[in-house]
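Here's the letter readout for the chains.
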Amino acid sequence: MKILHVDSSISGDRSLSKELSAIAVANLRAIYPDAEVLYRDLVENPINHLTGPIFAGFEGGELADADEALQQEHRLSEQLVDEFLASNILVIGAPMYNFSIASQLKVWLDRIAQVGRTFSYTEHGTVGLAGGKCVIVVSVCGGFYSHGPMAPMDFQEPYLQSFFKFLGITDVRFVRAEGALKGELERSEGIKVAKAALSRVY
């Protein structure tokens, strides 16, 4: 059993999503005591945005003319997709920023979406190649987006659901701590609900 744990919060040690994603991993370790856990903090160890030359490396082109910096980017792309494909369970700490995911998380997603590795083109359309995994997304929202007037502004959960489905992963589970910026009572209740959900998410 291999668990890939990814965090994307800009809040450092004050991050609620990091706290909750760590609880998710601890719960999984209790179920799978021999599990191998690989951790990536996408803020503390940022990944460069996708560029044309970096993207060209996905296609297995000739890299002999690439300078050392670009070759290093290609090696990182391969490392990231290898880590992703090797994992059985992904735990993603995903705070909501401006109704969607952190740009740091988007960069990581861009690197693992590689034709021939995680999806392929066929005469019947695209086919995901990374099925059989479980993705647990631990989301923290300042407001309330699972219901009420702000629900249509949630571009985080639908995006992640669609992205992983594109890669062939249909088992995507969301745990939310909502109301984190709405006052101490709302924040405490949101944390309580999220922790209860984490105890039964897997």
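Conventions we followed
- Residues numbered from 1 in each chain as written.
- Predicted model: local features only at pLDDT ≥ 70, side-chain atom pairs only at ≥ 80, totals over all residues.
- Heavy atoms only, no water.
- Helix = DSSP H or I, 4+ residues; strand = E, 2+ residues; numbered from the N terminus.
- Rg over C-alpha atoms; globule rule 2.2 N^0.38 Å.
- Buried < 20%, exposed > 50% of the residue type's maximum accessible area, 1.4 Å probe, protein only.
- Contact = heavy atoms within 4.5 Å.
- Areas by Shrake-Rupley, 256 points an atom, 1.4 Å probe, with all protein chains shown as cover.
- Core = buried A, V, L, I, M, F, W, Y, C linked by side-chain atoms within 4.5 Å.
- Expected span 1.5 Å × (residues − 1).
- Pairing = 2+ DSSP bridges.
- Axes fitted to C-alpha atoms, helices over the stretch in contact; angles between N-to-C directions.
- UniProt positions renumbered as here; feature names shortened; annotations may be inferred.
- Polar contact = N/O pair within 3.5 Å; in protein donor to acceptor, adjacent residues only side chain to side chain.

Colleague: Please set out the overall build of the chain residue by residue, giving values where relevant.
Modeller: If you tally the helices and strands in the chain, you get six helices and seven strands. Mapped in sequence order, the helices and strands of the chain form the string β-α-β-α-α-β-α-β-β-β-α-β-α. A globule of 202 residues ought to have a C-alpha radius of gyration of about 17 Å, and the chain, at 18 Å, matches this closely. Its C-alpha atoms put the chain at 60 × 40 × 35 Å along the principal axes. Within the chain, the proportion of its 202 residues that are buried is 43%. Taking contacts inside the chain between residues at least 6 apart in sequence as the whole, the part at least 24 apart equals 77%. Working note: accessible area of the chain is about 10300 Å², and carbon and sulfur atoms make up 54% of it.

Colleague: Go over the nonpolar core with me, naming the residues and quoting the values.
Modeller: Counting 27 residues, the largest nonpolar core has F84, L105, W108, L109 and F164 as the members making the most contacts within it. For this core, the elements supplying multiple residues, two or more each, are β1 (2–7), α3 (68–86), β3 (89–95), α4 (103–112), β6 (134–140), α5 (156–166) and β7 (171–177). At five residues, α4 tops the list of elements feeding residues into this core. Discounting chain neighbours no more than four positions away, the residues touching L105 are V6, S8, L42, I92, A94 and L160. Among the nonpolar cores identified, the runner-up in size contains 21 residues, and I3, A35, L198 and V201 belong to it.

Colleague: Please provide a residue-by-residue account of helix α1 (residues 16–31), values included.
Modeller: Taking 1.5 Å of rise per residue, 16 residues should cover 22 Å, and α1 covers 23 Å from first to last C-alpha, within 8% of that figure. The set of residues buried in α1 consists of L16, S17, K18, L20, S21, A24, V25 and L28. Along its buried surface, α1 packs onto β1, β2 (36–41), β3, β6, β7 and α6 (184–198).

Colleague: Pulling in residues and values, what's your account of the sheet that holds β1?
Modeller: Strand pairing in a sheet is mediated by backbone hydrogen bonds. Such pairs are either parallel or antiparallel. Ordered by their spatial adjacency, five strands build an open sheet running β2-β1-β3-β6-β7, and the pairing between neighbours is parallel. Looking at which strands have only one partner, the edges of the open sheet turn out to be β2 and β7. Ignoring strand direction, the axes of neighbouring strands in this sheet form an average angle of 15°. Two strands pair when backbone bridges link them, and β6 and β7 are joined in this way by seven bridges, in the parallel orientation. Residue S139 lies in a different strand from β7, and its bridge partner there is R176. Packing of α3 onto the sheet brings it into contact with β1, β2 and β3, and relative to β2 it is tilted by some 135°. Here α5 sits on the sheet in contact with β3, β6 and β7, set at roughly 160° to β7.

Colleague: Could you give an account of the UniProt feature "binding site: FMN" (unreviewed entry) in the chain, naming the residues involved and the relevant values?
Modeller: In the numbering used here, UniProt assigns the "binding site: FMN" (unreviewed entry) feature to S9, S15, L16, S17, M96, Y97, N98 and F99. Tracing the chain through its elements places S15 in the loop between β1 and α1. What makes S15 buried here is its relative accessible area of 6%. Exposure remark for Y97: the relative accessible area of 24% places this residue in the partly exposed category. Every residue in contact with Y97, bar those within four places of it in the chain, is listed here: S8, S9, I10, S11 and A102. Here the side chain of Y97 touches I10 through a polar contact of 3.1 Å, landing on its backbone nitrogen.

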